[in-house]
Amino acid sequence: FQKTSISNFDFRSPVKRIGILTSGGDSQGMNAAVRAVVRMAIFRGCEPFLIHEGYNGLIKGKDMISKASWEDVSGFLTTGGTVIGTARCTEFREYEGRQIAALNLIKTGISALVVIGGDGSLTGADNLRAEWPNHIADLLKKDLITKQMATDFSCLMIVGMVGSIDNDLATTDLTIGAVSALTRICEAVDALQCTASSHHRAFVVEVMGRSCGWLALSAAICTGADYVFIPEDPPNSSTWEKKLCTELKNRRDAGKKTSLVIVAEGAVDSELNPIKSEHIKDILTTRLNYDTRVTILGHVQRGGSPSFYDRYLGTVQGAEAIEAILKADASTPSLVIGILENKITAQPLKEAIKLTKQVANEIKNKNFSRALELRSTSFLNQLKSYKEVAAFHHADFGKVPENKRLNIAIIHVGAPAGGINLATRSAVRLCVNRGHTPMLVYNGFPGLMRGEISIADWMQVDGWTVDGGSKLGTNRDQPDLGMGSVAYQMQKHNINGLIIIGGFEAYTALISLYENRKSYPAFCIPMVLIPATVSNNVPGTEISLGSDTAINFITSACDNIKLSASSNRKRVFIIEVQGGRTGYLAVMGGLAGGASCIYIPEEKISLNTLINDINFLKNRYKIEWGQSQGRIALYNETSSKTYSLDVLARIYQGESESLFDARTSILGHLQQGGTPSPLDRIHGSGFAVEAINWIQEKCWESMISESNADQKVDGLRRGYLQKVYTNSKETAAVVGSISSDIKFSCVEHLINHTDFENRKSKNLWWLFTRDLIDILSGNNNQVGIH
Ligand code: ATP
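Residues numbered from 1 in each chain as written. Predicted model: local features only at pLDDT ≥ 70, side-chain atom pairs only at ≥ 80, totals over all residues. Heavy atoms only, no water.

Student: What's the story with the overall build of the protein chain in this structure? I'm lost.
Tutor: Helix and strand content of the protein chain: 26 helices and 24 strands. Along the three orthogonal principal directions, the C-alpha set of the protein chain runs to about 95 × 70 × 50 Å. Looking at the protein chain as a whole, 61% of its 786 residues qualify as buried. Pairs at least 24 apart in sequence give 79% of the contacts found in the protein chain among residues at least 6 apart. Carbon and sulfur atoms make up 49% of the accessible area of the protein chain, which amounts to about 29500 Å² in all. Distance between charge centres in the protein chain, computed from 82 positive and 80 negative side chains, equals 1 Å. (Helix = DSSP H or I, 4+ residues; strand = E, 2+ residues; numbered from the N terminus. Buried < 20%, exposed > 50% of the residue type's maximum accessible area, 1.4 Å probe, protein only. Contact = heavy atoms within 4.5 Å. Areas by Shrake-Rupley, 256 points an atom, 1.4 Å probe, with all protein chains shown as cover. Lys, Arg positive; Asp, Glu negative; His and termini not counted. Charge placed at Lys NZ, Arg CZ, Asp CG, Glu CD.)

Right, here's the structure in full:
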């Protein structure tokens, strides 16, 4: 300990001083979290301090702890890794090390610490907090702090955020960095699949995840891998090698030219023997004679610019961390900010770490089913569904009895959206494996009217994980154009269940079919909509397929356009995004892209709004003259009839007093295309699996038999016997993600929650993030940013 001159520093700050550090392994999105903490702290009248190089910086003190200004975190959103640095610090594991850290915190006047890291880093922070009274007593005894300081700093508040690519912390659905890492894996595996197929090769890909298989399982779902090994679901030690060979051979028998196995780095068998990629390669080479290669993805997974979701998570959690600190008092335990059921949460840190450690312990003790249970029910369901979708069932193995087999049609309606092909693939494969007949309808409802229907097979949909657009062809036409023809074709092909994949047009189409049940018994079957639209405006779900892909596109477009704008030093781009009459894309894109202003249909644009925005921009460019950042504004395509994109740009330009130039950029249909993002793929598969389960259940409940003779007569009266007949309102539904669970809502109920005039749901759950854009860009009259 160096004795410090206590009188030389101003420890009794009139405002709360908050320290922030990143620790342990870096992960994409940590910077977004640091930016949000710093700017939110300033917005709320606190003083943020950046602690560099994790706990090392806290122990070294001096210039490793610096007061952060608004500008210090500019450009943080786009950057991967952690700009303020991270470290693994052995000294902090010791009581003495933590005491030096405590002294440095007190010396700087910091009474609250935000730590972004894995469970180790958060445990360390919690230990510091638990021992705080002892540190204060010791420091006082050693005359390193005064009595006044001991009183002023009698309590240290800790708030943790989980930055971890493994997604391994209990009590949060996703950790900061996990989705970006999954994105890197999918990019790599998608690329590998092309070369694998040219050479008929097998690839074994090792991904990170020491005791958590989330990355490996999610990657397997997203890329359509044939087999996955994860720590929580170890295969039988004496039979797994044989089983693996049989399963891969089955798929080759079904027509596959390649094989893909994904292994988590911590994968083990039931006796806890490690399962290593090289060993799997040897098995495939010697027993199956496959030309097999191993790819270990390693640190690539930690790299690159964060994807939309990690920027979003880092930003909203960072803002919540400051709120949690301001609400806390001496009795508040250390907290960890997480996301559960699509809501940002602040929960006791100790419990979260205890639960997380318990999973690892259960694996160590070979209680694998308990480990899986602790992970979450959705993880368990994903694993089960993945296995069923990936398999190829020979003959009658695994199939439902003949009399329960169904004809299930799948149709795409509306504009294309990322993930719809993968959803179709999962539905087809489940149908085939269970013995049902999947029927693909081409070219939307006009195609259905013309009878463009074919039976799909398992192999046909093999590569549909990665393809953007719609493999079936899609358009906005409604069934009303020829209700009779639609009914005729459905009857002719004896369709027992219908899956419609699409956006608002698909939703209105489903309502039409439902409302026409009285006239057309062919529509008296279970019908379900899988929501898929970049606009994310379908009632009955918080998330639609394609919206994540679109926001990721918008986010990287914003990054690129900002670079162009920054190079010019004084340029503002107004970027038009899609979304129909829903501002979801503009809000989320603006949050992740760091927009200074946004314009959405939910808010009226007035001259006052424009005056505020232009004044804000002028002030910024005045202050930053000659070294200014480029700035962007996001404009939803239907924001205003009066203030069109062009008019807005002219007003910006005309009123800028030459402090900045205004330019426009329209992202257009680029937002609908491209490779689907991992989250859209995961949701696509999840929706499809649940849709098939639901159709099966509803169909079986409504099968015509002697016991429901009335319906049989009803069917017969119309000249044919319908195998499935239902006119219950429960059997026309939207499958959606609500509070991160997959749920079904019947359309009759949803009609009341629909704003038909503006073609959107009345529930705009995402609007809560809107204010954050203004706060974090400084475009808020109340923000004292200097
Ligand atoms: P990752 O998930 O990337 O491994 P992590 O935060 O779990 O991240 P660790 O190496 O376990 O990474 O911890 C990072 C740092 O946190 C350690 O170097 C150490 O300084 C501190 N730390 C970890 N565990 C403790 C502990 N039990 N007590 C005090 N400090 C700890």
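Student: Would you take a moment to explain the sheet that holds strand β19 (residues 631–636) for this structure?
Tutor: Strand pairing in a sheet is mediated by backbone hydrogen bonds. Such pairs are either parallel or antiparallel. Here four strands make up an open sheet; going across it, the order is β18-β19-β17-β20 and the pairing parallel. Every other strand in the sheet has two partners, leaving β18 (597–599) and β20 (661–666) as the edge strands with one partner each. Within this sheet the neighbouring strands show an average axis-to-axis angle of 20°, counted without direction. Here six bridges tie strand β17 (residues 571–577) to β20, and the two strands are oriented parallel to one another. Within the sheet, the bridge partner assigned to Val-572 lies in β20 and is Ala-662. (Pairing = 2+ DSSP bridges. Axes fitted to C-alpha atoms, helices over the stretch in contact; angles between N-to-C directions.)

Student: Please explain the site of the ligand as it appears in this structure.
Tutor: Neighbouring the ligand are 17 residues; Gly-25, Arg-88, Cys-89, Gly-120 and Ser-121 lie closest to it. Note that an oxygen atom of the ligand is positioned 2.6 Å from one of the backbone N or O atoms of Cys-89. For the ligand, an oxygen atom lies 3.3 Å from a polar atom in the side chain of Arg-210. Notes on the ligand: free accessible area 620 Å², of which the protein chains cover 87%. At six residues, helix α4 (residues 119–130) tops the list of elements feeding residues into the shell around the ligand. (Near = heavy atom within 4 Å. Polar contact = N/O pair within 3.5 Å; in protein donor to acceptor, adjacent residues only side chain to side chain.)

Student: Could you clarify how one ought to interpret the nonpolar core in this entry?
Tutor: Considering soluble globular proteins, one finds that nonpolar side chains tend to be buried as a cluster. By size, the foremost hydrophobic cluster in this structure holds 106 residues, and its most contacted members are Val-34, Met-161, Trp-214, Leu-215, Tyr-309, Ile-575 and Leu-634. A per-element tally of this core places helix α11 (residues 308–327) first, with 10 residues. Not counting residues within four places of it along the chain, the set of residues in contact with Val-34 comprises Ile-20, Thr-22, Leu-50, Val-73, Phe-76, Ile-84 and Ile-116. Judged by nonpolar contacts, the second largest core, of 72 residues, contains Ala-254, Ala-427, Met-490 and Ala-506. (Core = buried A, V, L, I, M, F, W, Y, C linked by side-chain atoms within 4.5 Å.)

Student: Would you mind showing me how to read helix α8 (residues 214–223) here?
Tutor: Note: α-helices contain 3.6 residues per turn, so residues at a spacing of three or four share the same orientation. Most of α8 is tucked away: 10 of the 10 residues are buried. All buried positions along α8 are accounted for by Trp-214, Leu-215, Ala-216, Leu-217, Ser-218, Ala-219, Ala-220, Ile-221, Cys-222 and Thr-223. Positive phi shows up at Gly-224, right after α8, with a value of about 70°.

Student: Before we go on, may I ask you to explain the sheet that holds strand β6 (residues 202–207) in this structure?
Tutor: Taken in spatial order, the four strands of this open sheet run β7-β8-β6-β9, and their pairing is parallel. Two strands in the sheet have a free side with no partner beyond their single neighbour: β7 (227–229) and β9 (292–296). Here the strands of the sheet are splayed against their neighbours by 15° on average, with no regard to which way each runs. Of the strand pairs in this sheet, β6 and β9 are connected by five bridges, and their pairing is parallel. Of the residues in β9, the one forming a bridge with Val-204 is Val-294. In the packing of α8 onto the sheet, the strands contacted are β6, β7 and β8 (259–264), and the crossing angle to β8 comes to about 160°. Contacts from helix α9 (residues 240–253) reach β6, β7 and β8 within the one sheet, and its direction differs from that of β7 by about 155°.

Student: Even after reading the chapter, I still don't get unusual backbone geometry, so can you show me in this structure?
Tutor: It is generally the case that most residues other than glycine have a negative phi and that most peptide bonds are trans. With phi around 75°, Thr-171 is a residue other than glycine that occupies positive phi space. Structurally, Thr-171 can be placed in the loop between β5 (157–162) and α7 (178–199). By relative accessible area, which is 21% here, Thr-171 ends up partly exposed. For Lys-366, which is not glycine, the phi torsion reads 65° and is therefore positive. Take Lys-366: it is sitting in the loop between α12 (349–364) and α13 (368–375).

Student: Looking at this model, I keep getting lost on the side chain of Asn-250. Mind explaining?
Tutor: Locating Asn-250 in the fold gives a position in helix α9. A relative accessible area of 15% means that Asn-250 is categorised as buried.

Student: Help me understand the packing of helix α20 (residues 584–593) against helix α26 (residues 770–777) in this model?
Tutor: In a packed pair of helices, the relevant descriptors are the angle between the two axes and the axis-to-axis distance. Look at α20 against α26: their axes get within 9 Å of each other, and the N-to-C directions meet at 30°. The angle between α20 and α26 places the two elements in the roughly parallel class. Between α20 and α26 lies a crossing of left-handed hand. Taking contact as the criterion, the partners of Val-587, Gly-590 and Leu-591 in α20 are, on α26, Arg-770, Leu-772 and Ile-773. By residue class, the composition of the contact of α20 with α26 is four nonpolar, one polar and one charged. (Parallel < 35°, antiparallel > 145°, perpendicular 65-115°, else oblique. Left-handed = near helix turned anticlockwise from the far one by under 90°. Nonpolar A, V, L, I, M, F, W, Y, C, P; charged D, E, K, R; others polar.)

Student: Is there a simple way to explain the pairing of strand β10 (residues 335–340) in this structure?
Tutor: Consecutive side chains of a regular strand alternate in pointing toward one face of the sheet and then the other. Across the six residues that make up β10, a large majority, five, are buried. With three bridges joining them, β5 and β10 adopt parallel strand pairing. Of the residues in β10, the one forming a bridge with Gly-160 is Val-336. The antiparallel pairing of β10 with strand β11 (residues 343–348) creates a hairpin that spans two residues between the two strands, and Glu-341 there sits at a positive phi of about 50°.

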